[in-house]
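What follows is the residue order along each chain.
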Amino acid sequence: MDSLIAHRKTLRLHAVVRQYVLPCCFALICGLLPPSEVQAHGNRSFNRHLTDFGGMLYVMTNNSSNNEIVVFYRRFNGSLQPLPWATVSTGGLGGSANAPIDPLGSQNALIFDNDLRMLFAVNAGDNTVTAFTTLTRDAVLKSVAHVPSGGTLPVSVAVSQNRLYVLNVGGTGTVATFEIAGNGELLLLDTLELGLDNPTCIPFDQAMAPGQIGVDALGRRLIITHGAGQELLSAPLDDDGIPTDSLITTTTPGVVPFAFDVSRNGNILLAEAGTSSVSSFSPSAVGQPFIVTSESIATGQTATCWIVATDRYAYVANTGANNISSFTHSRTGAVTLLEANAASTSNAPIDMTLAGNNRYLYTLDAGSGSIFSFSIDADTGQLHALEAREGLPASAGLQGIAAFDF
């Protein structure tokens, strides 16, 4: 029976691809696009259009009784089509019992790795992580691993090559390192004790706990935000991708460092929730604190928490102000406010993701249970509203959004 249901889901997604993706490809190949879309070879916008054939968008319910991944098909024009039949359980329990909005206090509770074609999700309610793979000819999710997280209260994950790093904020904090096997199985390799002074369990103060784990641009060290300590923590990685026991601390200019993104040039762009600001850092020698390149550039909004960056622009979600601010950033790490209110949402924007080769920005609006979609002007960085896709459970502990481009 399970195989029959999976087969039917696959057939349905094939129908979606035939309806939306193939006509687009045919139009591109046969020259059926309108003249406004056909521009000179080498134009960046045209190249991005040629290489964008849509994709998938995933949202995590983080439900404390049954954590699920809700699936949307993304058309090449940025609009979303819900695929309710493709919803899949993580097999674990979410952490929604902690708070109705932003219960995990983290960025990257759900991530998609394009190289591996795999989706990874945390289950804070039962201290596990789940790995999904996409089937060969479509994007139907198949669970391939559901394992203990290597600690308690997993809130954020990161991938570098065939290593998965899980940030657990319970107790005094741990980072678990997993090998991602060829079949998607997760094998625990190491657990690094963070030794923090703010032991946590549900219910916990999510803003003060560590908020995100990530890897620098060269894959040489882990980076962790810690709100209560007003610090960025980093740990060098050895040749096997295992963090060493030496944690290096960088004091942040702003209060409550929450989330970060790493630019193509290796700079770390940090959202500071307490001061509603953005700071940036350059990657110093491994084993040394990061170098501050821009100090607390204020948004003028409230609760600046989540951040994503393209090659030239960065966008932050201001959860308390119900809007998004935009910034420019340079190769040397200089950050400048572009628009304090670049776009508005409805109620409590939290997680964000980019898609379509950075042509589109999607924000999970946890208070209204909506996804707000925006196109990004590649020349100016301006956001243009596309749609608000409703239907997710409002104020129910939603957390995590990730995108996959075909």
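Residues numbered from 1 in each chain as written. Predicted model: local features only at pLDDT ≥ 70, side-chain atom pairs only at ≥ 80, totals over all residues. Heavy atoms only, no water.

## Some thoughts on the nonpolar core
For step 1, the next point in the chain: Residues Tyr58, Ile69, Leu119, Phe120, Leu164 and Leu186 are the most contacted members of the largest nonpolar core, which totals 56 residues.
For step 2, the next point in the chain: Take this core: its biggest share by element is 5 residues, from strand β6 (residues 118-123).
For step 3, the next point in the chain: Counting 45 residues, the second-largest nonpolar core is a separate cluster that includes Ala273, Cys305, Ala309 and Ala317. (Core = buried A, V, L, I, M, F, W, Y, C linked by side-chain atoms within 4.5 Å. Buried < 20%, exposed > 50% of the residue type's maximum accessible area, 1.4 Å probe, protein only. Helix = DSSP H or I, 4+ residues; strand = E, 2+ residues; numbered from the N terminus.)

## Here's the deal with the sheet that holds strand β20 (residues 291-298)
For step 1, the next point in the chain: The 4 strands are arranged β17-β18-β19-β20 in an open sheet whose pairing can be described as antiparallel. Bordering the open sheet on either side are β17 (257-262) and β20, each of which pairs with just one other strand. Adjacent strand axes in the sheet meet at a mean angle of 20 degrees, parallel and antiparallel pairs treated alike.
For step 2, the next point in the chain: Where β17 lies against strand β18 (residues 268-272), 5 bridges are found, and the strand directions are antiparallel. (Pairing = 2+ DSSP bridges. Axes fitted to C-alpha atoms, helices over the stretch in contact; angles between N-to-C directions.)

## Remarks on the pairing of strand β27 (residues 370-376)
For step 1, the next point in the chain: In terms of burial, β27 is largely enclosed, as 7 of its 7 residues are buried.
For step 2, the next point in the chain: A two-sided burial pattern is seen for β27, the buried positions comprising Ser370, Phe372, Phe374 and Ile376 on one face and Ile371, Ser373 and Ser375 on the other.
For step 3, the next point in the chain: Direction of pairing for strand β26 (residues 360-365) relative to β27: antiparallel, over a ladder of 6 bridges. Counterpart to Leu364 in the pairing with β27 is Ile371.
For step 4, the next point in the chain: Hairpin connection of β26 to β27: 4 residues between the antiparallel strands, including Gly369 at a positive phi of 70 degrees.
For step 5, the next point in the chain: The pairing of β27 with strand β28 (residues 383-389) spans 6 bridges and is classified as antiparallel. Following the sheet pairing, Ile376 is matched in β28 by Leu383.
For step 6, the next point in the chain: Hairpin geometry of β27 and β28 is characterised by an intervening segment of 6 residues between the two adjacent antiparallel strands and by a positive phi of about 80 degrees at Gly381.

## Points about the confidence of the model for the chain
For step 1, the next point in the chain: For the chain, per-residue confidence averages 89 on the pLDDT scale, and 87% of positions sit at 70 or higher.
For step 2, the next point in the chain: Contacts from residues 1-11, a stretch scored under 50 in pLDDT, to residues over four places away or in other chains number 6 contacts. (pLDDT = per-residue confidence, 0-100. Contact = heavy atoms within 4.5 Å.)

## Description of unusual backbone geometry
For step 1, the next point in the chain: Note that the residue after Ile202, namely Pro203, is joined by a cis bond; omega there is 0 degrees.
For step 2, the next point in the chain: Here Pro203 is to be found in the loop between β12 (186-193) and β13 (210-215).
For step 3, the next point in the chain: The phi dihedral of Val256 is positive, around 55 degrees, even though this residue is not glycine.
For step 4, the next point in the chain: Judged by relative accessible area, Val256 falls into the buried class, the value being 10%.

## Quick look at the sheet that holds strand β11 (residues 174-180)
For step 1, the next point in the chain: Strand order in the open sheet made by the 4 strands is β9-β10-β11-β12, with antiparallel pairing throughout. Two strands close off the open sheet at either side, each with one partner strand: β9 (154-160) and β12. Neighbouring strand axes in the sheet, compared pairwise and without regard to direction, differ in orientation by 20 degrees on average.

## Some remarks on the environment of Ile101
For step 1, the next point in the chain: Looking at where Ile101 falls in the secondary structure, it is placed in the loop between β4 (88-89) and β5 (110-113).
For step 2, the next point in the chain: With 246 residues separating them along the chain, Ile101 and Asn347 place their C-alpha atoms 10.0 Å apart.
For step 3, the next point in the chain: Ignoring anything within four residues of it in the chain, the contact list for Ile101 reads Gln206, Ala348, Ile350, Ala366, Gly367 and Ser395.

## A short note on the layout of surface pockets
For step 1, the next point in the chain: When its volume is computed, the largest pocket comes out at roughly 1,400 Å³.
For step 2, the next point in the chain: Asn108, Phe112, Asn114, Asp261 and Val262 are, among the 43 residues lining the largest pocket, the residues nearest its centre.
For step 3, the next point in the chain: Looking at the lining of the largest pocket, the elements that each hand over two or more residues are β5, β9, β13, β17, β21 (304-309), β25 (349-355) and β29 (401-405).
For step 4, the next point in the chain: Of all the elements, β29 adds the most residues to the lining of the largest pocket, at 5 residues.
For step 5, the next point in the chain: Across the lining of the largest pocket, the residue classes tally to 23 nonpolar, 13 polar and 7 charged. (1 Å grid on protein atoms, 1.4 Å probe; cavity = no way out; pocket = protein on both sides within 12 Å on 5 of 7 lines; lining within 4 Å. Points joined across faces, edges and corners; volume = space filled by probe spheres on them. Nonpolar A, V, L, I, M, F, W, Y, C, P; charged D, E, K, R; others polar.)

## Side note on the pattern of salt bridges
Think of it this way: side chains of opposite charge can pair up when their charged atoms draw near.
For step 1, the next point in the chain: Applying the stated criterion to the full structure yields 6 salt bridges.
For step 2, the next point in the chain: Glu387 serves as the salt-bridge partner of Arg389, at 3.7 Å between the closest nitrogen and oxygen.
For step 3, the next point in the chain: Overall, Glu387 belongs to the partly exposed group, its relative accessible area being 23%.
For step 4, the next point in the chain: Members of the salt-bridge network, linked through shared partners, are Asp52, Arg74, Arg359 and Asp405. (Salt bridge = Lys/Arg side-chain N within 4 Å of Asp/Glu carboxyl O.)

## As for the pairing of strand β7 (residues 128-134)
For step 1, the next point in the chain: Burial of β7 is extensive: 6 of the 7 residues sit out of reach of the surface.
For step 2, the next point in the chain: Looking at chain direction, β6 and β7 are connected through 6 bridges and run antiparallel. If you follow Val122 over to β7, its bridge partner there is Val129.
For step 3, the next point in the chain: Taking the residues between adjacent antiparallel strands as the criterion, β6 and β7 are bridged by 4 residues, where Asn127 takes a positive phi near 60 degrees.
For step 4, the next point in the chain: Judged from the 7 bridges that link them, β7 and strand β8 (residues 141-148) form a sheet pairing that is antiparallel. Considered in β8, the bridge of Thr130 is made with His146.

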